[in-house]
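Residues per chain, in single letters:
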Amino acid sequence: LPRILELDPQNDQALGFQAKMLFHENKKKQAKPLLEKLAKTGIEDSAIYFLLALILIEEGDRKTALPHLKRATKLEPDYALYWFRLAENKYLMDLNPKKEIKKAYKLAPDDIWINNLYGLYYKEKHKFKEAEKLWLQATCSDSTGLNPRSFERITGEGNVLIAQKN
């Protein structure tokens, strides 16, 4: 990689790879300018937009992250994680995430986080039956790799929902 960048410092693919490596190494302050530069070029790499959006969200700038998440889903329309993060971002911005969460659910109906967010969406719409179904599906999903605090949070949401119905 260093040799490629030495020969062609403007090579978008090499810069993209470098930015991804920096992000992976948790060197986000170094990755961000590269990701921003590449996003401005209109590069056809969904990960560039997604990683930039994650950094912006972490910095508290959900509004600026939104178009980058949208671009990632356009470039990779069958990747549930991108749709989930777009839906989650819209949900947390008090924007309607229905289209995005529905797409994420269609792509990964057994994903615990997608079911949880979809349940939250329905809860806010006072559609408790739909929310309960999604939360039960989330809590019954294979929880391999799920940290216990996260599982308790989802289960707790389901219990709150059930208590509200009674």
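For the structure itself, consult the block above.
Read on for a plain summary of the structure. The model shown is predicted, which means the values in this text are computed figures rather than measured ones.

## Re the nonpolar core
Counting residues in hydrophobic clusters, the biggest one holds 44 residues, and the most contacted among them are L35, F50, I101 and I114. Taken together, the elements giving at least two residues each to this core come down to α2 (12-24), α3 (28-41), α4 (46-58), α5 (62-75), α6 (80-92), α7 (98-107), α8 (112-124) and α9 (128-140). Element by element, the count of residues in this core is highest for α4, at 11 residues. In this view, L35 contacts A19, I48, L51, L52 and I55; residues no more than four positions away in its chain are not counted.

## A look at the pattern of salt bridges
Inspection of the entire model under this criterion finds nine salt bridges. Residue D45 is joined to K20 by a salt bridge in which the shortest nitrogen-to-oxygen separation is 2.6 Å. One end of the pair, D45, is in the loop between α3 and α4; the other, K20, is in helix α2, and 25 residues separate them in sequence. Each of K32, E36 and E59 takes part in one network of salt bridges that share partners.

## Concerning the packing of α2 against α4
Axis separation between α2 and α4 bottoms out at 11 Å; the angle between their running directions is 35 degrees. With respect to the hand of their crossing, α2 and α4 are arranged in left-handed fashion. Packed against α2, whose contacting residues are G16, K20 and F23, the element α4 presents A47, I48, L51, L54 and I55 at the interface. Across the contact of α2 with α4, the residue classes tally to six nonpolar, one polar and one charged.

## A word on the side chain of N115
Examined against the element boundaries, N115 turns out to sit in helix α8. Judged by its relative accessible area of 0%, N115 is buried. Among all residues touching N115, those that are not within four sequence positions of it are Y105, P109, D110, L134, W135, Q137 and A138.

## Topic: a positive patch on the surface
On the surface, K98, K102, K125 and K127 cluster together into a positively charged patch. With relative accessibility at 39%, the residue K127 sits in the partly exposed group.

## A look at the packing of aromatic side chains
As enumerated under the stated definition, the model contains six aromatic pairs in all. A centroid spacing of 4.6 Å and a plane angle of 35 degrees characterise the contact between F50 and Y82, whose relative ring orientation is tilted. Note that F50 is positioned in helix α4 and Y82 in helix α6, a separation of 32 residues in sequence. Residue F50 is classed as buried on the basis of its relative accessible area, which comes to 8%. Note on Y82: relative accessible area 6%, which makes it buried.

## Remarks on the packing of α3 against α4
At a closest axis distance of 9 Å, the pairing of α3 and α4 adopts a crossing angle of 130 degrees. In terms of orientation, α3 and α4 fall into the oblique class. Between α3 and α4 lies a crossing whose hand is left-handed. Of α4, the residues touching α3 (which contributes K28, A31, K32, L35, E36, L38 and A39) are I48, Y49, L51, L52, I55, L56 and E58.

Rules behind the numbers
Every residue gets a number counted from 1 within its own chain, in the order that chain's sequence is written. Restriction of local features to residues with pLDDT of at least 70 applies here, the model being predicted, together with a cutoff of 80 or more for giving and counting side-chain atom pairs; totals for whole chains, interfaces and linings are based on all residues. Excluded from the side-chain calculations are hydrogens and water; all other atoms, namely the structure's heavy atoms, are used. Residue types Ala, Val, Leu, Ile, Met, Phe, Trp, Tyr and Cys, when buried and joined through side-chain atoms within 4.5 Å, form a set referred to as a nonpolar core. Burial status follows relative accessibility: with a 1.4 Å probe on protein chains alone, a residue under 20% of its type maximum counts as buried, one over 50% as exposed, and anything between as partly exposed. Strands are runs of DSSP state E lasting at least 2 residues, helices are runs of H or I lasting at least 4, and numbering of each runs from the N terminus. Every residue pair with non-hydrogen atoms within 4.5 Å of one another is taken to be in contact. For this document, the term salt bridge refers to a Lys or Arg side-chain nitrogen within 4 Å of an Asp or Glu carboxyl oxygen. Between N-to-C directions, angles cover 0 to 180 degrees, with each direction set by a line fitted to C-alpha atoms, over the stretch in contact for helices. Each crossing gets its handedness from the near helix: less than a right angle anticlockwise from the far helix is left-handed, clockwise is right-handed. Just so you know the grouping, Ala, Val, Leu, Ile, Met, Phe, Trp, Tyr, Cys and Pro go in nonpolar, Asp, Glu, Lys and Arg go in charged, and all remaining residues, Gly too, go in polar. Patch construction takes residues with relative accessible area above 30% that form no salt bridge. Like charges are linked within 9 Å, and nonpolar side chains (Val, Leu, Ile, Met, Phe, Trp, Tyr) are linked within 5 Å. Only the protein chains shown count as cover for residues, and the accessible areas themselves come from Shrake-Rupley with a 1.4 Å probe. When charges are counted, Lys and Arg contribute as positive and Asp and Glu as negative, whereas His and the chain ends are disregarded. Throughout, a charge is located at the NZ atom of Lys, the CZ atom of Arg, the CG atom of Asp or the CD atom of Glu. When two rings of Phe, Tyr or Trp (its six-membered ring) have centres within 6.5 Å they constitute a pair, described as stacked for plane angles under 30 degrees, edge-to-face for angles over 60, and tilted for the intermediate range. Put simply, angles under 35 degrees are roughly parallel, angles over 145 are roughly antiparallel, angles from 65 to 115 are roughly perpendicular, and the rest are oblique.

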